[in-house]
Amino acid sequence: MTSHASKKEWPLVVFTVALQFACGLSIAAMLVDWKASPSEVAQLRPLAVAIFPIVALGMLASLLHLGRPLLAGRALLNLRRSKLSVEVLLSTFFACSALIYSGLWFTGATQPRLAGGIVTATLGLGAVVSSAMIYMLPTRPIWNSGWLPASFLGTTLLLGGLPSAALVAGAAEATLLRTFVNATVAGSALLLLSAFWMLKHSSRLRAEQSASADIEAPRPLLNSREYLWLVLYIGFAGVMPGVIALMLWPVAGAPDLPAIALRFAALPFAMLGVLLGRMLMYSIAPRFSGF
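Residues numbered from 1 in each chain as written. Predicted model: local features only at pLDDT ≥ 70, side-chain atom pairs only at ≥ 80, totals over all residues. Heavy atoms only, no water.

Re the side chain of Ser62
Part 1: Among the secondary structure elements, Ser62 is positioned in helix 3 (residues 51-63).
Part 2: Here Ser62 falls in the buried class, since its relative accessible area comes to 18%.
Part 3: A polar atom in the side chain of Ser62 sits 2.6 Å from the backbone oxygen of Met59. (Helix = DSSP H or I, 4+ residues; strand = E, 2+ residues; numbered from the N terminus. Buried < 20%, exposed > 50% of the residue type's maximum accessible area, 1.4 Å probe, protein only. Polar contact = N/O pair within 3.5 Å; in protein donor to acceptor, adjacent residues only side chain to side chain.)

Section: the pattern of salt bridges
Oppositely charged side chains may form a pair once their charged atoms are brought near each other.
Part 1: Applying the stated criterion across every chain yields a total of 1 salt bridge.
Part 2: A salt bridge links Arg113 to Asp33; its shortest N-O distance comes to 2.9 Å. Of this pair, Arg113 sits in helix 5 (residues 113-133) while Asp33 sits in helix 1 (residues 3-35); the two residues are 80 residues apart in sequence, bridging distant segments of the chain. Neither residue differs from the other here; Arg113 and Asp33 are each classed as buried. (Salt bridge = Lys/Arg side-chain N within 4 Å of Asp/Glu carboxyl O.)

Quick look at the nonpolar core
Part 1: Counting residues in hydrophobic clusters, the biggest one holds 76 residues, and the most contacted among them are Tyr135, Trp143, Phe180 and Leu230.
Part 2: Residue contributions to this core peak at 15 residues, all from helix 1.
Part 3: With sequence-adjacent residues up to four places away left out, Trp143 is seen in contact with Tyr135, Met136, Leu148, Met281, Tyr282 and Ala285. (Core = buried A, V, L, I, M, F, W, Y, C linked by side-chain atoms within 4.5 Å. Contact = heavy atoms within 4.5 Å.)

Quick word on the confidence of the model for the protein chain
Part 1: Averaged over all residues, the pLDDT of the protein chain equals 84, while 81% of them reach at least 70.
Part 2: The secondary-structure element of the protein chain with the lowest mean pLDDT is helix 2 (residues 38-49), recorded at 83, while helix 5 shows the highest, at 95.
Part 3: A low-confidence stretch, residues 1-5 stays under pLDDT 50, and its non-local contacts, those more than four residues away or across chains, total 9 contacts.
Part 4: Scored below 50 in pLDDT, residues 67-72 shows 3 contacts in the model against residues more than four places distant or in partner chains. (pLDDT = per-residue confidence, 0-100.)

Describing a nonpolar patch on the surface
Part 1: A cluster of nonpolar residues, Val239, Val243 and Met247, forms a patch on the protein surface that exposes about 260 Å² of accessible area.
Part 2: Of note, Val239 is situated in helix 8 (residues 224-247). (Patch = residues over 30% accessible without salt bridge, like charges linked within 9 Å, V, L, I, M, F, W, Y side chains within 5 Å. Areas by Shrake-Rupley, 256 points an atom, 1.4 Å probe, with all protein chains shown as cover.)

Points about the packing of helix 4 (residues 83-107) against helix 5
The relative placement of two packed helices is expressed as an angle between their axes plus a distance between the axes.
Part 1: Between helix 4 and helix 5, the least distance of the axes is 8 Å, while the angle of their chain directions is 155°. Comparing the axis directions of helix 4 and helix 5 gives the class roughly antiparallel. Classified by chirality, the crossing of helix 5 by helix 4 is left-handed. Two secondary-structure elements touch here, helix 4 through Lys83, Val86, Glu87, Leu90, Ser91, Phe93, Phe94, Ser97, Ala98, Tyr101, Leu104 and Trp105 and helix 5 through Arg113, Gly116, Gly117, Val119, Thr120, Leu123, Gly124, Gly126, Ala127, Ser130, Ser131 and Met133. (Axes fitted to C-alpha atoms, helices over the stretch in contact; angles between N-to-C directions. Parallel < 35°, antiparallel > 145°, perpendicular 65-115°, else oblique. Left-handed = near helix turned anticlockwise from the far one by under 90°.)

A look at the environment of Ala270
Part 1: Looking at where Ala270 falls in the secondary structure, it is placed in helix 9 (residues 257-284).
Part 2: Residue classification places Ala270 among the buried residues on the basis of a relative accessible area of 0%.
Part 3: Residues Ala270 and Ala237 lie 33 residues apart in sequence; the distance between their C-alpha atoms is 4.8 Å.
Part 4: If near-sequence neighbours (up to four positions away) are discounted, Ala270 is found in contact with Leu158, Leu162, Phe236, Ala237, Met240 and Pro241.

A look at the packing of aromatic side chains
Part 1: What the rule picks out here adds up to 6 aromatic pairs.
Part 2: When the ring of Tyr135 is compared with that of Tyr282, the centres are 5.9 Å apart and the planes differ by 70°; the resulting orientation is edge-to-face. One end of the pair, Tyr135, is in the loop between helix 5 and helix 6 (147-168); the other, Tyr282, is in helix 9, with 147 residues separating them in the sequence.
Part 3: What makes Tyr282 buried here is its relative accessible area of 5%.
Part 4: Members of the aromatic cluster, joined through ring pairs, are Tyr135, Trp143, Phe152 and Tyr282. (Phe/Tyr/Trp six-rings, centres within 6.5 Å; stacked < 30°, edge-to-face > 60°.)

Shown next as structure tokens:
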């Protein structure tokens, strides 16, 4: 990834990851409203309140990708034919719903909150799916594959499940904690699968590219820095969170302080892994265009 490319794409890295993080938290909060006891609700309140600030941060970051941010509203003028317009609309609806939903958690209102959670989680999933679809284009063959939506969904499950499991561990009913643990493990597994799926898909594209150009010795698929990103992505996002989550499997008694520190240290590393994986996604795309 060149320095210019890094400056150009980092707002999209922040936007897509923030969108998936907020969506995962909205699903977790909705499940808590649906099934949890009052003590469990109190445990997850900080994450539920954070849903709107996270999605708002992502939306603001996405504006920095535009040459003229004040004209961002024009993206809504072509809903019938533009995947980008659909993404902007669903992301805007998700942000508005998240504002109301986080506000309900902040004020402690309970009566309409489950319905708000269902609406917010549904809009969040729609926004995540639509954001994946805009990348799946024939002009970007490396992205036009199932590994990309798998990575977006995996990030949603991981970043929704891991912090939720860490917060409610030791205070939640076994069923709720197992739900969050399972979501974390499933998210990690999807990210691990998407990484190897991407490598296999890109190797096939590189072989086709070399054959069409009659190149005997094609350049390496990844440079040394990108291989480091890939290793950290696999380790921090694809392996470590699943292992940590399985350690949270319901056990009688409250967790000790070292265990709590370990659980909460997992989220920053998982976030770092996700961000590196997303940077890698943008970094390799130009090598597989126009052939």
